[in-house]
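Working through the structure, step by step
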Amino acid sequence: MSFLKTVAAHLYERFGNNIADCAIIFPNKRPAIYFRQQLGQLVDRPIWSPDLFTIHEFIQESTNRLPADRLLCSFLLYEAYSKVWSDQQLLPVSYERFYPLGEILLNDFTELESNAVSIKDIYSNLAELAAIDQGLDYLTEEQLEYLQRFWKNFSVERLSKQKERFLQLWKHLPAIFELFRTELEQRGLITTGMIYRSLVTEAYDRKDFPTRWKHLVFVGFNALNRSELQALKKWEEQGIALFYFDTDTHYIDDELQEAGRFLRRNLSLFTNQLSTGNNIRRTDRSIQLIAAEGNAAQVRMLPALLENVPGIKEEPEQTAILLADENQLLPVLHALPDWTDKVNITMGYGLVQSPLYSLMQTIIRIQESLWQNKGRSVYYQPLLQLVQHPYLYQLPEAAEIAATVLQKALVSIPAASWEKLEEPRLKKCLTLIQHPIEIISLIRDILEDHLATFVEGEATDLQSQLIHAAHAQLNRLEDLLIERKEELSLSFISELILQVMRSQSVPLEGEPLRGLQIMGLLESRALDFKHIILLNVNEGILPKKAVAPTLIPDSIRRAYGLSVLENQDAIFAYVFYRLLQRSQSVSCLYNTAVDEKGMAEQSRFLTQIEYETGIPILRKSVKMDINPKAKEPIVIEKDDAVMRTLNKYTGEEVILSPSALNTYIDCRLRFYFQNLQGIREPEEREEEISPRVLGNFLHRAMEFLYKGLEEKKGNKWVEPGDFEWLNSQIDNYLKQALGLELAKDRNHVVDYTGTLRIVEEVVKIYIEEVLKQDKRWAPFEMVDQEWKIAHPVQLDVEGRRITIRLGGFIDRLDRKDGVYRIIDYKTGNDKKEFRSVQDLFTRDRTDRNKAALQTLLYAELLGKQLEQQPKSGAAPDWMQSHVGTARVQAGLYNVRQMRSEGPEFDWRLSESAAKTKLDDHRIKEIGTELMDSLQWVLSEIFTRDQPFDQTERREKCEYCPYQKICGR
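On a predicted model such as this, the values are computed, not experimentally measured, just so you know.

A word on the overall build of the protein. Of regular secondary structure, the protein possesses 38 helices and 27 strands. Over its C-alpha atoms the protein spans a radius of gyration of 39 Å, topping by over 25% the 30 Å that the globule rule assigns to 968 residues. Oriented by its inertia axes, the alpha-carbon framework of the protein measures out at about 120 × 70 × 60 Å. Expressed as a percentage of the 968 residues in the protein, the buried residues total 52%. Long-range contacts, defined here as pairs at least 24 residues apart, represent 77% of the contacts in the protein between residues at least 6 apart. One way to put it: in the protein the 119 positive side-chain charges average out to a point 2 Å from where the 141 negative ones average out.

Right under this line is the structure:
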């Protein structure tokens, strides 16, 4: 028989039809619903129902005053603090700085009031140990020892500034709290803590409390605060209070068992109307302990566990899924089998889990960005979050904004971009508010506009409830903030809004007494189920480690009998063990996967059951196979369609570049995706400083700098005297480079925010290093920059001769003493050394020097073009004027190495096997060897028998944009 059924039968047998004279009080709401059902099954004729209350509802019956709003309490506490500080000629901090401390003080005030502790005593400055003995004779020796231990740390000799500030606040808190209480009373308001204190002092507002009931029945209680203990003891002595504690010998008889910590005290103070049971140690049922690798694995076990519950389809309400971690609610709901059509969820759906909350967050971020930029522009991140939000992304105007921001890589979007918007939600969100408090009405208006977009019947009850709940809270918050004389910042009001919304939830559909029950652990108090499935039974979750922040040190909390960590552990221990008392089957699942919290071990409660009881334990381990089947290798055969695509390289328009060849050598399949099919990499914004980002900026800035010098001088020569001017123009041309790269507009003025400011400074340093190196190289002629080169190469493939065009863009080409020099700017970790030409083409090597292959290939192509001495008008003037043998060098401007080595930096490539730097003669020799090796690569590309397949070196897939296609 369940606990509540037993209580109902006992009370009905005792009071009969007069049970209506009783007030029956429970720890929480859920037991009252079950109790009413059990009582209804006992009566055979209509009777008046007794009054059923939660403990908080019951004590509220003692007062006529309204409960004080939490935020209003914060304001009133700050006013009390300000007045006390001013009276002491101290300068109070602003409300925004006080707010976090105020939240802690409100928690402490509630706890002190609830436990009827003398606030004057606890906050007295007891730094002088002798003072402990004066006026505190009601404390035990152990409590006095706790106090002495704490205050020894505050001897005059050891006071620090932090301790001085702490003691200053500590000393004045009694006066602050007294003013705070007085202000509440004058407003006709009361807090829960103040109600509890009135229970002890009997200062009830309602004189018929609690005598309007003949009997007060307290059912299913465990931990009681000091006010409850004193009031309940007084009512029992008056003969009006009855107690029904649900107890078991397992934790009552064992003084070390934390689950019985409070009940042992309760049984010593009060008369329990029920005898202590002996149910936990029953061996007629086993407990299944399931170790699951990850939360997802736990949830995936649910269908199988539910399927094995006897009679679940006939009596689903006898089965409960209990969540030690309530964040698992949505995964659990998604995992339920289809036949569970009746489900009752007691926890409610948190607004913080809905798209509505993320929309409010985004609106706030947009306004904070607009506020920072005075309405002239907005940062791209919150704007993208807005136009890609689930509620808005389908709007044509939202899609247009998203496309523009992504395609142009805009960082700061000017107001002109949205001035012509017509969609009301987007338009309002991107309109700068004039005062911080207007953020509340803005969010409220956007929510109303969103609700209006639903056609009749389209909006779900849940969506409507969430919007209405948010609307009500916004109205309440606005009313409270309007009363404030001090103007609060946008960031503070925004955080208040989000804080309030995080605590909101709406009930999910379901009948309380029908269907599979899903609830949080504490909601199971006083309830019994035949079949229990408990998730996340991990140490650190059950019991929880977190405790509410407090200003009262642990030693003083112990001295005055206030709650400490062990109390919380004892509460959860009792809730857990209670579930075992009448259950017929129990399955406890825990996570074995280590996460950032480090929680990967079963709760100590499970270990205690295993070693302290004779209950049969069945252990099982479950692993979630993330990749149950490896993806088949992808091989693209060169059929007629593929060969036709390859033929694009045999025309005059398409060039096969060194970077494409490097791609092919690394992975044939990536070459197919990227260069043949043109599958673009996903558009993603890079937030960190990567070599690619820095490289783009550096290339463009250097190009602009030397072109600017050429325009200024009217020639291409760079001389030592030019570098003063070049250094003076770095900022100017760097800004133009950023504008072109980020917004496709050289004249675009970039608003520097976040990492972009760092990028600019880093690139500026790199440019300065390049100019230092160039000054040492000067004088020289800057022949060309970002110059496109293309040279025909003939191949014999499968009995046919084809001609392809090799080439690409050379970063920089200069000339000195008749020698052309190809320079490739590098901002990453590229090396100038390579072992041999053969190693440049060895695809299995992870250290293959791709930069050297690219630069040497450009040198060979340039040499051939110069030797052919083209005289056509298509060739640049400097090439047409070339006379004699072509001398070409090639190297890397690796700016990281350049900065570390300074004047010792050498840009030349080198063969590590020969241990020599490459001069123009050696580069010419290497060119012949290079082209011979290149022939087999080119032949392989155009040979039908060689398919496009994946690389065998999986480490090359780590940063490949196509790894999701390949499944690697």
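Let us look at the sheet that holds strand β20 (residues 780-797). Sheet architecture is open: five strands sit in the order β19-β20-β21-β22-β24, paired in mixed fashion. What marks the edges here is a single partner per strand, and that holds for β19 (717-718) and β24 (888-894). In terms of strand pairing, strand β21 (residues 800-816) meets strand β22 (residues 819-826) through five bridges, oriented antiparallel. Looking at the pairing, Leu-813 lines up with Ile-822 of β22. Across the sheet, helix α32 (residues 755-777) touches β20, β21, β22 and β24, and the angle it forms with β21 is around 85 degrees. The strands that helix α34 (residues 850-868) touches are β20, β21, β22 and β24; relative to β20, the one it contacts most, it runs at about 90 degrees.

Another point: the confidence of the model for the protein. Of all residues in the protein, 91% attain a pLDDT of 70 or more, and the chain-wide mean is 89. Overall, residues 125-134 carries pLDDT values under 50, and its contacts beyond four positions in sequence, including any with other chains, amount to 16 contacts.

When you tally the buried positions in strand β1 (residues 22-26), you get five out of five residues, the bulk of the element. The alternating pattern of β1 places Cys-22, Ile-24 and Phe-26 on one face and Ala-23 and Ile-25 on the opposite face, and all of these are buried. Pairing between β1 and strand β5 (residues 215-219): four bridges, direction parallel. Note on β5: the bridge partner recorded for Ile-24 is Val-217. Once you follow β1 into helix α2 (residues 30-42) and on to strand β2 (residues 51-54), the crossover reads as right-handed.

Within the sequence span of helix α12 (residues 261-269), burial applies to Phe-262, Leu-263, Arg-264 and Asn-266. The inward-facing, buried residues of α12 contact α10 (226-237), α11 (249-252) and α24 (565-581).

Turning our attention to the packing of aromatic side chains. For the structure on display, the rule yields 49 aromatic pairs. Between Phe-53 and Phe-58, the ring centres sit 6.0 Å apart and the planes meet at 55 degrees, which makes this aromatic pair tilted. For the pair shown, Phe-53 and Phe-58 are each scored as buried. Aromatic pair Phe-209 and Trp-213: ring centres 6.4 Å apart, planes at 90 degrees, arrangement edge-to-face. For Phe-209, a relative accessible area of 2% corresponds to the buried category. Residue classification places Trp-213 among the buried residues on the basis of a relative accessible area of 5%. Counting every residue linked through ring pairs, the aromatic cluster contains Phe-53, Phe-58, Tyr-204, Phe-209, Trp-213, Phe-218, Phe-221, Trp-235, Phe-243, Phe-245 and Phe-270. One residue, Arg-484, lies across the ring of Tyr-95, its end atom 5.1 Å from the ring centre. Geometry around Phe-948 places Lys-638 over its ring, the cationic atom sitting 4.8 Å from the centre.

Another point: empty space enclosed by the protein. Under the counting rule described, the total for this entry stands at five cavities of 30 Å³ or more. In this structure, the largest cavity occupies an estimated 40 Å³ of space. Every residue lining the largest cavity is listed: Gly-220, Ser-524, Arg-525, Ala-526, Tyr-574, Val-575, Arg-578 and Leu-579. Residue composition of the lining of the largest cavity, grouped by class: four nonpolar, two polar and two charged.

Moving on, we get to the pairing of β24. In terms of burial, β24 is largely enclosed, as seven of its seven residues are buried. Neither face of β24 is left uncovered, since the one carrying Val-888, Ala-890, Leu-892 and Asn-894 and the one carrying Gln-889, Gly-891 and Tyr-893 both have all their residues buried. Relative to β24, β22 runs parallel, the two sharing seven bridges. Looking across to β24, one finds that Ile-822 is bridged to Ala-890.

Further remarks concern the pattern of salt bridges. Tallied over the full model, the rule gives 70 salt bridges. Note that Arg-812 and Asp-774 form a salt bridge whose closest N and O atoms lie 2.8 Å from each other. Of this pair, Arg-812 sits in strand β21 while Asp-774 sits in helix α32, placing them 38 residues apart in sequence. You'll find Arg-812 and Asp-774 in the same group, each marked buried. Among the salt bridges present, the one from Arg-845 reaches Asp-847, with a minimum N-O distance of 2.8 Å. Note on Arg-845: relative accessible area 27%, which makes it partly exposed. When salt bridges with common partners are traced through the structure, they connect Glu-61, Arg-206, Asp-208 and Arg-212 into a single cluster.

Mapped onto the secondary structure, Glu-228 falls in helix α10. One buried charged side chain, Glu-228, makes no salt bridge at all; its nearest oppositely charged neighbour is Arg-265, positioned 7.3 Å away.

Read from one edge to the other, the open sheet built from three strands follows the order β23-β25-β26, with strand pairing classed as mixed. Strands at the two margins of the open sheet, each flanked by one partner only, are β23 (833-834) and β26 (916-917). Note that β23 and strand β25 (residues 910-911) share two bridges and pair parallel. Counterpart to Glu-833 in the pairing with β25 is Ser-910.

Turning to its location among the elements, Gln-38 is positioned in helix α2. With residues up to four places along the chain from it excluded, the contact list for Gln-38 reads Ser-2, Leu-4, Lys-5 and Ala-8.

Moving on, we come to helix α18 (residues 396-407). An α-helical turn contains 3.6 residues, so a residue and the one three or four places further along point in the same direction. For α18, spanning 12 residues, the distance from its first C-alpha to its last is 16 Å, which sits close to the expected 16 Å at 1.5 Å a residue. Those residues of α18 that sit buried are Ala-398, Ile-401, Ala-402 and Val-405. Angularly, the buried residues of α18 cover 100 degrees about the axis, an arc narrow enough to put them on a single face. Facing away from the buried surface of α18 by more than 90 degrees, the exposed residues are Pro-396, Glu-400 and Gln-407. In this fold, the buried residues of α18 make contact with α17 (380-387), β12 (412-414) and α19 (424-429).

Definitions and limits used
- Residues numbered from 1 in each chain as written.
- Predicted model: local features only at pLDDT ≥ 70, side-chain atom pairs only at ≥ 80, totals over all residues.
- Heavy atoms only, no water.
- Helix = DSSP H or I, 4+ residues; strand = E, 2+ residues; numbered from the N terminus.
- Rg over C-alpha atoms; globule rule 2.2 N^0.38 Å.
- Buried < 20%, exposed > 50% of the residue type's maximum accessible area, 1.4 Å probe, protein only.
- Contact = heavy atoms within 4.5 Å.
- Lys, Arg positive; Asp, Glu negative; His and termini not counted.
- Charge placed at Lys NZ, Arg CZ, Asp CG, Glu CD.
- Pairing = 2+ DSSP bridges.
- Axes fitted to C-alpha atoms, helices over the stretch in contact; angles between N-to-C directions.
- pLDDT = per-residue confidence, 0-100.
- Right-handed = clockwise from strand over helix to strand, strands pointing away.
- Phe/Tyr/Trp six-rings, centres within 6.5 Å; stacked < 30°, edge-to-face > 60°.
- Lys NZ or Arg CZ within 6 Å of the ring centre and 35° of its normal.
- 1 Å grid on protein atoms, 1.4 Å probe; cavity = no way out; pocket = protein on both sides within 12 Å on 5 of 7 lines; lining within 4 Å.
- Points joined across faces, edges and corners; volume = space filled by probe spheres on them.
- Nonpolar A, V, L, I, M, F, W, Y, C, P; charged D, E, K, R; others polar.
- Salt bridge = Lys/Arg side-chain N within 4 Å of Asp/Glu carboxyl O.
- Expected span 1.5 Å × (residues − 1).
- Arc of directions from axis to C-beta.

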